[in-house]
Amino acid sequence: MSGSRKIAARGAAAALGVLVFAAGGGVAQTPVPTPAPAVMTLEEVVQRTLQNSPQIVQAQGAVQTAGSAERSALGTYLPSLSFSSGASLASSERFDPNLGTTVSGSSDSYSAGMSSSIDIFTGGRRGAQMAQARAQTDVSEASLTEQRYTVTRTAKAAFFDVLRATDVIRSAEARVRRAQEALDAAELRQQAGSATRSDQLRARLEVSNARQALLQAENQKRTAMYALGRLVAADGPVDARADAPFEVRDLPLSRESIVELAVSQSPTVVTAVANERSAGYGVRSARAQYLPSLSGSGSYNWSNTDPSFNNVRGSWSTRLSLSYPVFNRFAREEQVDRARVQERVAEYQLQDVQRAARANVERVLGSLETARLQIELAQESLAMAEEDLRVQQERYRLGVATILEQVSSQESLVSAENALISARYDYQLALAELEALIGREL
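Predicted, not measured: the structure shown is a model, and the values here were computed from it.

**Topic: the overall build of the protein**
- Tallying secondary structure elements over the protein gives nine helices and six strands in all.
- Here the protein, with 442 residues, has 31% of them falling under the buried criterion.
- Per element, the accessible surface of the protein, about 26,700 Å² overall, is 54% carbon and sulfur.

**Quick look at the packing of helix 8 (residues 331-398) against helix 9 (residues 403-438)**
- For the pair helix 8 and helix 9, interaxial distance at closest approach is 7 Å and the crossing angle is 160 degrees. Accordingly, the angle class assigned to the pair helix 8 and helix 9 is roughly antiparallel. Where helix 8 crosses over helix 9, the two elements pack in a sense that is left-handed.

**Regarding the pattern of salt bridges**
- For the structure shown, the criterion picks out 17 salt bridges.
- Of the charged contacts in the structure, one is a salt bridge between Arg372 and Glu369, with a shortest N-O distance of 2.4 Å. Here the residue Arg372 and the residue Glu369 both occupy positions in helix 8, the gap between them amounting to three residues, near one helical turn.
- Accessibility expressed as a relative area gives 27% for Arg372, which makes it partly exposed.
- What you see here is one network of salt bridges that share partners, running through Lys156, Glu435 and Glu441.

**As for empty space enclosed by the protein**
- Under the criterion given, the structure shown has one cavity of 30 Å³ or more.
- Ranked by residues supplied to the lining of the largest cavity, first place goes to helix 4 (residues 125-192) with four residues.
- Per-class residue counts for the lining of the largest cavity are three nonpolar, one polar and four charged.

**Things to note about the environment of Asn209**
- Of note, Asn209 is situated in helix 5 (residues 197-231).
- Look at Asn209 and you get partly exposed, because its relative accessible area is 28%.
- Residues Asn209 and Ala172, 37 residues apart in the sequence, show an inter-C-alpha distance of 10.0 Å.

**With respect to the nonpolar core**
- Among the nonpolar cores identified, the biggest contains 26 residues, and Ile258, Val361, Leu365, Leu368, Leu434 and Ile438 are the most heavily contacted of them.
- For this core, the secondary-structure elements that each account for two or more residues are helix 6 (255-265), helix 8 and helix 9.
- Of all hydrophobic cores here, the second largest spans 18 residues; its members include Leu42, Val46, Val162 and Tyr425.

**Some points on the packing of aromatic side chains**
- Applying the stated criterion across every chain, the model contains four aromatic pairs.
- A centroid spacing of 5.9 Å and a plane angle of 70 degrees characterise the contact between Phe159 and Phe160, whose relative ring orientation is edge-to-face. Like Phe159, the residue Phe160 is buried in the burial classification.
- Relative to Phe246, the ring of Phe160 has its centre 5.2 Å away and its plane inclined at 90 degrees; by these criteria the two rings are edge-to-face. Placement of Phe160 in helix 4 and of Phe246 in the loop between strand 4 (238-240) and helix 6 is noted, with a sequence separation of 86 residues between them.
- Take Phe246: its relative accessible area is 31%, and that puts it in the partly exposed class.
- Through a chain of ring-to-ring contacts, three or more aromatic side chains come together here, namely Phe159, Phe160, Phe246 and Tyr425.

**A closer look at a nonpolar patch on the surface**
- A surface patch of nonpolar side chains, about 450 Å² in accessible area, is lined by Ile118, Ile120, Phe121, Leu291 and Leu320.
- Relative to the elements of secondary structure, Leu320 occurs in strand 6 (residues 313-323).

**Some details on the confidence of the model for the protein**
- For the protein, mean pLDDT is 84; residues scoring 70 or higher make up 89% of the total.
- For residues 1-32, every residue scores under 50 in pLDDT, and the model assigns this stretch one contact once sequence neighbours within four places are set aside.

**A short note on the environment of Ala357**
- Of note, Ala357 is situated in helix 8.
- What makes Ala357 buried here is its relative accessible area of 8%.
- When the C-alpha atoms of Ala357 and Val259 are compared, they prove to be 8.2 Å apart, with 98 residues separating the residues in sequence.
- Sequence-distant contacts of Ala357, that is, excluding residues within four places in its chain, are made with Ala262, Ser266 and Val269.

**Thoughts on the pairing of strand 6**
- When you tally the buried positions in strand 6, you get zero out of 11 residues, a small fraction of the element.
- Bridge count for strand 5 (residues 293-304) against strand 6 is 11 bridges, and the pairing is antiparallel. Paired with Ser297 across the two strands is Arg319, which belongs to strand 6.

**A few points about the environment of Pro325**
- Examined against the element boundaries, Pro325 turns out to sit in the loop between strand 6 and helix 8.
- Look at Pro325 and you get partly exposed, because its relative accessible area is 31%.
- The sequence separation of Pro325 and Tyr290 amounts to 35 residues, and the corresponding C-alpha distance is 7.6 Å.
- For Pro325, the contacting residues outside a window of four places in its chain are Gln289 and Arg332.

**Things to note about helix 8**
- Spanning 68 residues, helix 8 covers 96 Å between terminal C-alpha atoms, matching the ideal 100 Å at 1.5 Å per step.
- Directly after helix 8, the chain includes Gly399, whose backbone phi takes a positive value near 85 degrees.

**Focus: the packing of helix 3 (residues 54-75) against helix 4**
- The contact between helix 3 and helix 4 brings their axes to 9 Å, and the two run at 170 degrees. By the criterion of interaxial angle, the relationship of helix 3 to helix 4 is roughly antiparallel. The residues of helix 4 that touch helix 3, namely those facing Gln55, Ile56, Ala59, Gln60, Ala62, Val63, Ala66, Gly67, Ala69, Glu70, Ala73 and Leu74, are Gln129, Met130, Ala133, Arg134, Gln136, Thr137, Ser140, Glu141, Leu144, Gln147, Arg148 and Val151.
- Taken together, the residues of the contact of helix 3 with helix 4 sort by class into 12 nonpolar, eight polar and four charged.

**Here we look at the side chain of Gln406**
- Along the chain, Gln406 falls in helix 9.
- With relative accessibility at 4%, the residue Gln406 sits in the buried group.
- Here Gln406 is in contact with Ala182, Leu389, Gln392, Gln393 and Tyr396, once residues within four sequence places are set aside.

Cut-offs and rules
Residues numbered from 1 in each chain as written. Predicted model: local features only at pLDDT ≥ 70, side-chain atom pairs only at ≥ 80, totals over all residues. Heavy atoms only, no water. Helix = DSSP H or I, 4+ residues; strand = E, 2+ residues; numbered from the N terminus. Buried < 20%, exposed > 50% of the residue type's maximum accessible area, 1.4 Å probe, protein only. Areas by Shrake-Rupley, 256 points an atom, 1.4 Å probe, with all protein chains shown as cover. Axes fitted to C-alpha atoms, helices over the stretch in contact; angles between N-to-C directions. Parallel < 35°, antiparallel > 145°, perpendicular 65-115°, else oblique. Left-handed = near helix turned anticlockwise from the far one by under 90°. Salt bridge = Lys/Arg side-chain N within 4 Å of Asp/Glu carboxyl O. 1 Å grid on protein atoms, 1.4 Å probe; cavity = no way out; pocket = protein on both sides within 12 Å on 5 of 7 lines; lining within 4 Å. Points joined across faces, edges and corners; volume = space filled by probe spheres on them. Nonpolar A, V, L, I, M, F, W, Y, C, P; charged D, E, K, R; others polar. Core = buried A, V, L, I, M, F, W, Y, C linked by side-chain atoms within 4.5 Å. Phe/Tyr/Trp six-rings, centres within 6.5 Å; stacked < 30°, edge-to-face > 60°. Patch = residues over 30% accessible without salt bridge, like charges linked within 9 Å, V, L, I, M, F, W, Y side chains within 5 Å. pLDDT = per-residue confidence, 0-100. Contact = heavy atoms within 4.5 Å. Pairing = 2+ DSSP bridges. Expected span 1.5 Å × (residues − 1).

In structure tokens:
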């Protein structure tokens, strides 16, 4: 056997071994199938996300806590009432000289009492604390609204990520079909002798690239579906279903109205306004320490040596007291200074939040307009890319163009499809962000 035949035989044996190994290991390498995903619409995704969001639960807890604090502040206007009781049992021994022996005895007592007190005048402290508690409730409610729109925006982004991946998969599948058709045409022309081996290789390379792009798109959708499932508290992947196409539409408000709405009524601005108001009431509460306070109290007590209401010895008392701290080692001044600093910080934070709201809404409006224009340009580019590919396919069929020109047109078409997909969902994401900024649906 010659050297060339030995090398060919060894190559065939190696190839056969690879095939046997692949066949034997095919079962072990089979991937675990992905469970069938649940399918949800955008409204269902938003509702489920709001129901299962830890941020929403935390914000609702803050509202509940603020309501309890407001109720506690209201309770300072009401008198306090307490009840107390006690019993004492004791034994004693003493020597009786008349009897000449030790005598045992006991000393028992029972008592009960009820007392009440109320602050009559606190120098305005209770009113300031009550108003501050209400302002904190407004802060919590505004924060809850802000969290709702933030979570809604997150849910919409995850929903659109799944839809975007679905569209990318559809585009990748179309690319695979076009690449396979080009490969079939190249093989037929090679068999007819009107194409070279290079044409077939380039077509095969395009098929390989198209399949790789399809695999990447499928993996991206799988990742997006599991991320969406986490948001809606599902144990598996969740697919997205659009009941109607998401079209570009005109905003119901003018640009000036949207900016004014963001600066005055956005959730972040409302929260900052309530914080400033709360800080102002904190200053009033601290200043109340410079005024005297008046309080009243009363109590009734009874006692007896037997656990009964017979022969009860009762007593009662009332008390009216006035308190005025003349000097408390500058503690009042420190609290007033702290409150003033917090008030000043809250004022500047409000101004910064308003400026940030204006800047953010201008940015999002710009992104919205840019995405709208990009959609129009991408649609024109897609139409031109489709026509260019049709022309190149016909030219290649007639033998006046090379496979390289056709592959280049296919790549241009893929780029145009992906650009249109990105522009459409960038517009929807910008719209969701705008709704979160102004705190209302558009």
